[in-house]
Amino acid sequence: MGLLSDPDVGSVKWVRVLKRVHGPVCFLCYVGALVWFVLLGHREFNNETYFSENALLPGLVTNEFNAEQTANQYFNELHSELQTNYEETDEMPVPWLVGMMSHIHLEVYTHNFTLRYPLGKGQVFKGTNVYGILRAPRTSSLEAIVVSVPYRSVGSHQKTTVAGIALMLAFAKFARPQKYWAKDIIFLVTQHDQLGMQAWLEAYHGLHSEAEPFHASLGSFWKPGTPKFTMDSFLPNIPFRGRGKKPLNPGTLKGRSGSIQAAILLEFSSPKIKYVEVKIEGLNGQLPNLDLVNLVHKLCQKSGIHHSFGKSYSWIRGRDSMDDWKNGFWTMFEMMVGQIDGVPDGNHGLFHRFGIEAVTLEGRDEMDPGGKVPRVNTLSRCNFYKLGIALESILRSLNNLLERFHQSYFFYMLASTHRFISIGQYMPSLCLLCVAMLIRALSLWVTTLQQDGDYNDKQTNKTNKKPSKHKLEKAKDSDSEEPGEQETKEVTKVKTPEKKKADINMSVLNIGVNYLLVHLIGYGVMNSPFMMAYYGSVYYMKPPEVSVYFGIISIAVLLIFITPFLPYLLRKGPISYEELSLVNILVLTELATVCLSVAMQNFSLGFAMAVIYTPLALMTSVHVRGSGKARACLQLLKRLVCLLVHPLVVLLVCMVAYSRHLVADESWLATLSRGSDAAMQAIMFSVVDSMLYGNWLFNLSTSILLPIWLIFWQILNIKVNAP
Amino acid sequence: MDFLRRFLNYYIFFTCFLCVRCDEFKEELFFKPLPSTHLYSYFQFVTLVDSELSSFHSHLAPRSLAEVVSRFQVEELHLTLTEGQWRHHQWGYPVLDAAPGAELYAWFSPDVTDVDTQWKKLSATLSGLFCASLNFIDNFNTVTPQMALWPMGAVKSSQNVTSQLRYASLPREIVCTENLTPWKKLLPCESSRGFSALLNSRMIHNTNYHSVGVHVRKVCKSSDCLETQLEFKQTVALVYDYDIIKSNDWSLRKLFGQGLPGACPLSTDSKIYIDITSNSSQPFTLSPPPDNVILSQRGRTDTLLAVYNIHPDGKMINIGVKHKTKSQLPVSIHPPLFFNRYVLGYGKEFGGIVTEITNNCLAPINVVVLENAPWWLPIQLSTLRVNGEAESKLVQSQYYSPGRSRQKPYHLELLIKLPPKSTTTITIDFEFVFLKWQEYPPDANHGFYIGSALISANLPTARNYTSLPITGTTFDSIINDTKLWYPIVFRTNGAMVSLPTPDFSMPYNVICLACTVVALAFGPLHNICTKELVLKPSGTSLSLTQKLLNLFKRKRD
């Protein structure tokens, strides 16, 4: 900082240039970032996918899958079993599955788990998973591959996965007598969709119910005796977080295999599908290794199955490059929108945190949601034979692996089934946004410094006729002990008492305490839903989602009113211009850092945050008292914009837009109420996801995004005297 | 042909005459169907040598091995090379358990003072003998078990055996034909005659589990044990999967690719035992019918054994089993004691090793658990939990020897009393460490292997127990052998962790970058050095119009 704290900084050329052009430069950065982002969909800006891992040897084996009859038989048997015995219930046909798996001579185990619902009155849900292990001959079970199907009951609102189970069992029957397996294969049927999968994975990795939730233990598993910070120790009577117990009790597994290398999940309701959608997005936007994704696409193609990713379909080729660009952009955009909330779009997403690469193959029909699919009616229907061949080739490729997936990309975006955008290509767009914020922070910094400098200049010139440079060099050397500084102050005492006061009022402590306080409020909000749901259910008899939703709204409104007065808590006098500028610089730096670091893991979330909050960050400026009517109007406008990008408002707007997108012909009022309901559900889901799976979104938005917003709000609402 | 046979008969007679005073060779083959579609076959070749005689004049005993034993003053030696994992909870117990990969342990004679040097020499020699990577055995992967291992042979009761013992296992070792061939060379008939002719490497390496072993020990010659004999035992254990051989009817020809060409003419005893206890639940017929069927009562467990006496007449024999019905659903009953071992956690910071031991008996069982963690997996005694408790009443005795980086493995032994009908969980945490860059395996690797834990137990029941009694040499010793305790040493399954691995392509990238920079710098330097610098008169700066005019002028030239 030597250069920056140089008092004659104002005279340096770049500082002058920066002060003059920082506005346009920031604007250019913002526009440039968006343009860059849109360009990423174009062929010239992304690459063809390729295999990095040579050991996979995709498609080199002669396929031998011959269990089509068996698959059809399992399919019909399971159908009739479900029709006769499981029509009404939510239960899984555990005896049937166990019977079939033991008939194939797999090692069969069942796994029970319990969920104590964390909010409200603490209902208890129970579930069972069934899994069978195919032990590879000649190995000591050190590695495994998982093939899994989520079981969905007949009454479920989602499509059933009967064909997936039938395919998996038929494949198990085919694979059991083969002697080429080098890794165990675990065939797993999970109940309650993601919950069952999470429970199984936690049990497999030995995470117990006493352990802290993931975000609290920073991802490493809990060690007994580690001191931990909890609210419970301070306020023993208020239920903060269910007494440190995880809501999900994963139970124990009776049989296991080695470390899991990869997982393939199947969601097929019928063998007669039109095409296969390959789903990749995982928890917190984590993605599987690109090699696995490529492998699945390539082997689907080789087995003669039509496959798709988002809006990119294997049977459609763009007519011209413009068409390609449009498709590529929308595929990428759709993928990013899916990643923002950090909720996995299939059970595969829960594997990623454990370092296991996983994808879901979902069978789709022409009637499936997700908009109209072009030319889907012309496609021939699939059958168990083709699906079995595809599954066999994928698993035999994975069987060839000599080491864990580590080559290729973990951070990428897909523009189509066969084109990708690497981290090096998409990061610049985000960096431009963050650079805009940092330039703004820098210009603010030099402005504050220069004002000090100018002011000092004037004073010293007035007191003695010595060249000011000499004086300032002295002042630079140390802070206040220098006689020159003393002199300056003496003079100011006489001439300009207000300015003297402002100089003394530059108190870092005051700002720091305010800053910390706002962040602590955010931390409190993050921990509040448990309490809200508890009191909501005890005193108002409301379901937890209602109490959490209104609780959070009331806290937000309360904070909007009280936070502008927060800085006055510690001091009597008004807040100085320099102090507020410093706060502005700090918050700009914090926002830029947060966006960048979030984007390292979940680019979509980081980018969305940056796109929404950069305009606010760029236009926020310290409001000086008595600076004219036009200025005051502008300030009012800025406050309005600030309110519009409040995290809750953003959520509400998104939900309303989404409802409008789903149900277009409705009155605006109905859409609004539908959107509000959706927002309520969304908050509830994000709270529960954060507790069960370790989803960051709620924690990030309450403990980091909300405080940043509150500080912007403070800056816009506090009037200071002119420096 | 006739001449050959006569010659052979004479030869055998002559040999038998010689053997009155010296060596004795016996071969045995044991089959047992295992629950859930597997078949266990166990070969055992035993050579007994009078240890008083100098081994240099050995007759039937493998001279190369005998030399090793006498040279390094080894009292007892056990070497196994195993591929695959014995699944105790499903299959029951093998005759001799073995850890996946290579495992070697030996007791040296009390005269040996520098055991570590002798141990290194022994492993290096055996490495050459069996073409296995036993030369990787060093101090950093050797432990001295305090409680878990006891000599199988005759030792003087006053002797301190523990200090003379060394144990090492190499879980990464891959066992193949190259190990089997030298192993077969140690047999008197090699692979031309006798049971060893069945050991066709093409067939046996296709099994689910195969384990090749050499065991040398001292046994008493008579009951008063005044004189001892040296016993060389070579074993092969194979587990076939009915699903993979595509039928549950098996025959020697199907399993080994050929029939049995008679016994080894040098053997005094050649027998095939088939456990036909399961005949009652899954009826099958043996063809040809056995010479006799023995009912063995061991403890309260009845075992029916069909016995074939094989003669060295050179006739091809093909023993087969035919099931009457199609395979039924196998009912798997868990053995009295079974266990599971796995690695906990995820990520690259901490992990834990869990050993779960289940006592399925109605009586408590005392077991010794030996955890042997390599130096790059520092286990911390402070994190040891038995059933989640730091101070467990189950632990009767404990021995811990902390490891040292690159010098000594971590070694923990616990004597635990397992309550009846219960599962005991032993957890110990470790930290991941960074290795030096040369210590990572040079090739693509699955991860780093953690060896098996040893569990030695005295079982109160003989259910699933197939081991020979400690005094027995051949299979007839298990008949009606009722004891109070049945001692056995198990090996759990191993595990694998992936240590934090640096990006090894980085040096390559750095080299590329450095080369580029050098290349870029070289150009201008070369230019400066080779070109002459000439002063050019500089005039007044040109106006824009003049510049444009100049441009046009140049064009015209």
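Each value, and the rule that gives it
- Along each chain, residues carry numbers from 1 onward, in the same order as the chain's sequence is written.
- Here the convention is simple: chains get letters from A, ligands get numbers from 1, in the order in which they are written.
- pLDDT decides what is reported in this predicted model: residues at 70 or higher carry local features, side-chain atom pairs at 80 or more are listed and counted, and totals for whole chains, interfaces and linings draw on all residues regardless.
- We call a set of buried Ala, Val, Leu, Ile, Met, Phe, Trp, Tyr and Cys residues a nonpolar core when their C-beta atoms link them within 7 Å.
- Exposed residues have 12 or fewer other C-beta atoms within 10 Å of their own C-beta, buried residues have 20 or more, and partly exposed residues fall in between, where C-beta atoms are placed from the backbone.
- Here a strand is any run of E in DSSP of at least two residues, a helix any run of H or I of at least four, and the numbering for each starts at the N terminus.
- For every residue pair, C-beta atoms are placed from the backbone, and the pair is scored as a contact if these atoms sit within 7 Å.
- A fitted line through C-alpha atoms serves as each axis, taken over the contacting stretch for helices, and the angle formed by two N-to-C directions is quoted from 0 to 180°.
- Relative orientations are named as follows: roughly parallel for angles under 35 degrees, roughly antiparallel for angles over 145 degrees, roughly perpendicular for angles from 65 to 115 degrees, and oblique for any other angle.
- A clockwise turn of the near helix away from the far one marks a right-handed crossing, whereas an anticlockwise turn of less than a right angle marks a left-handed crossing.
- Classes in brief: Ala, Val, Leu, Ile, Met, Phe, Trp, Tyr, Cys and Pro nonpolar; Asp, Glu, Lys and Arg charged; the others, Gly included, polar.
- UniProt positions are given in the numbering used here, feature names are shortened, and annotations may be inferred rather than shown by experiment.
- Domain borders in the structure are assigned automatically or taken from a domain database.
- Here a strand pair is declared whenever DSSP counts at least two bridges between the two strands.
- Directions drawn from the helix axis to the C-beta atoms are what define this arc.

**Observations regarding the nonpolar core**
Moving on, step 1. One finds Ala166, Leu167, Met168, Ala170, Phe187, Val296 and Met413 of chain A to be the most contacted residues of the largest nonpolar core, which totals 182 residues.
Moving on, step 2. At 14 residues, the largest contribution of residues to this core is made by helix α21 (residues 697-717) of chain A.
Moving on, step 3. If we skip the residues at most four places from it in the chain, Phe187 of chain A touches Met101, Leu106, Tyr131, Gly132, Val147, Met168 and Ala172 of chain A.
Moving on, step 4. In this structure, Phe25, Val212, Trp250 and Tyr465 of chain B belong to the second largest nonpolar core, which totals 131 residues.

**Regarding the packing of helix α2 (residues 68-85) of chain A against helix α9 (residues 384-399) of chain A**
Residues and elements named next belong to chain A.
Moving on, step 1. In the contact formed by α2 and α9, the axes pass within 9 Å of each other and the chain directions differ by 110 degrees. Considering the angle they form, α2 stands roughly perpendicular to α9. When you trace α2 past α9, the crossing you get is right-handed. Where α2 approaches α9, its residues Glu68, Ala71 and Asn72 are matched on the opposing element by Phe384, Tyr385 and Gly388.
Moving on, step 2. When grouped by side-chain class, the residues that make up the contact of α2 with α9 number 3 nonpolar, 2 polar and 1 charged.

**What about the UniProt feature "transmembrane region" (unreviewed entry) in chain A?**
Residue and element names in this part refer to chain A.
Moving on, step 1. Those places that UniProt annotates as "transmembrane region" (unreviewed entry) correspond, in this numbering, to residues 21-39, 426-446, 508-526, 546-570, 582-599, 605-624, 636-658 and 696-716.
Moving on, step 2. Taken end to end, residues 21-39 comprises 100% helix and 0% strand; its first and last C-alpha atoms sit 26 Å apart.
Moving on, step 3. Counted over residues 508-526, helix gives 100% and strand 0%. Its end C-alpha atoms are 27 Å apart.

**Observations regarding the domain arrangement of chain B**
Residues and elements named next belong to chain B.
Moving on, step 1. When cut into domains, chain B gives domain 1 (1-335 + 463-495), domain 2 (337-462) and domain 3 (503-533).
Moving on, step 2. Taken over C-alpha atoms, the centre of domain 1 sits 28 Å from the centre of domain 2.
Moving on, step 3. Counting residues at the interface gives 34 residues for domain 1 and 36 residues for domain 2.
Moving on, step 4. Secondary-structure elements contributing two or more residues to the side of domain 1 that touches domain 2 are α3 (88-91) and β26 (486-491).
Moving on, step 5. In terms of residue count, β26 provides more of the side of domain 1 that touches domain 2 than any other element does, 6 residues in total.

**Re the interface of chain A and chain B**
Moving on, step 1. With 28 residues of chain A in contact, the opposing surface of chain B contributes 32 residues.
Moving on, step 2. Considering only residue class, the side of chain A that touches chain B consists of 7 nonpolar, 13 polar and 8 charged.

**Side note on the sheet that holds strand β21 (residues 395-401) of chain B**
Residues and elements named next belong to chain B.
Moving on, step 1. What the 5 strands build is an open sheet, ordered β21-β22-β19-β25-β26; its pairing is antiparallel. Only two strands of the sheet have a single partner each, and these edge strands are β21 and β26. Between one strand axis and the next, the sheet turns through 10 degrees on average, direction left out of account.
Moving on, step 2. Two elements, β21 and strand β22 (residues 410-418), share 6 bridges in a ladder whose sense is antiparallel. Residue Val395 lies in a different strand from β22, and its bridge partner there is Ile416.

**Thoughts on the environment of Asp365 of chain A**
All names here are of chain A.
Moving on, step 1. Tracing the sequence through the fold places Asp365 in the loop between β11 (357-364) and α9.
Moving on, step 2. Residue Asp365 is classed as partly exposed on the basis of its C-beta count, with 15 C-beta atoms lying within 10 Å.
Moving on, step 3. On a C-alpha basis, the gap between Asp365 and Leu636 in space is 52 Å, while along the polypeptide they are 271 residues apart.

**Let's talk about helix α5 (residues 177-185) of chain B**
Residue and element names in this part refer to chain B.
Moving on, step 1. Buried residues of α5: Leu180, Trp183 and Lys184, and no others. Down the axis of α5, the sector holding all buried residues measures 95 degrees, keeping them to one side.
Moving on, step 2. On its buried side, α5 packs onto α4 (115-130), α6 (201-204), β7 (209-220) and β8 (228-241).

**Some remarks on the sheet that holds strand β16 (residues 320-323) of chain B**
Strands belonging to one sheet form pairs held by backbone hydrogen bonds; the direction of such a pair is parallel or antiparallel.
Residues and elements named next belong to chain B.
Moving on, step 1. Read from one edge to the other, the open sheet built from 3 strands follows the order β9-β16-β12, with strand pairing classed as antiparallel. Of all the strands in the sheet, the pair left with one neighbour each is β9 (250-251) and β12 (284-287).
Moving on, step 2. Two strands pair when backbone bridges link them, and β12 and β16 are joined in this way by 4 bridges, in the antiparallel orientation. Residue pairing in the sheet places Phe284 in a bridge with His323 of β16.

**As for the domain arrangement of chain A**
Residues and elements named next belong to chain A.
Moving on, step 1. Each assigned domain of chain A is listed with its residue range as follows: domain 1 (1-45 + 430-497), domain 2 (55-209 + 246-322 + 342-410) and domain 3 (505-723).
Moving on, step 2. With 14 residues of domain 1 at the contact, the number on the domain 3 side is 20 residues.
Moving on, step 3. Listing elements by their share of the side of domain 1 that touches domain 3, those giving two or more residues are α1 (13-39) and α10 (423-463).
Moving on, step 4. Top element by residues in the side of domain 1 that touches domain 3 is α10. It accounts for 12 residues.
Moving on, step 5. Its residues assigned to classes, the side of domain 1 that touches domain 3 comprises 11 nonpolar, 2 polar and 1 charged.

**Some details on the environment of Met506 of chain B**
Moving on, step 1. If you trace the backbone, Met506 of chain B turns up in helix α8 (residues 505-530).
Moving on, step 2. Sequence separation between Met506 of chain B and Thr423 of chain B is 83 residues; the distance between their C-alpha atoms is 48 Å.

**Concerning the packing of helix α16 (residues 577-601) of chain A against α21 of chain A**
Residues and elements named next belong to chain A.
Moving on, step 1. Where α16 meets α21, the axes come as close as 10 Å, and the angle between the chain directions of the two elements is 150 degrees. One finds that α16 runs roughly antiparallel with respect to α21. Of the two elements, α16 crosses α21, and the hand of that crossing is left-handed. Between α16, through Leu580, Val583, Asn584, Val587, Glu590, Leu591, Val594 and Val598, and α21, the contact on the second element is made entirely by Leu700, Ile704, Ile708, Ile711, Phe712 and Ile715.
Moving on, step 2. Class assignment for the residues of the contact of α16 with α21 results in 12 nonpolar, 1 polar and 1 charged.

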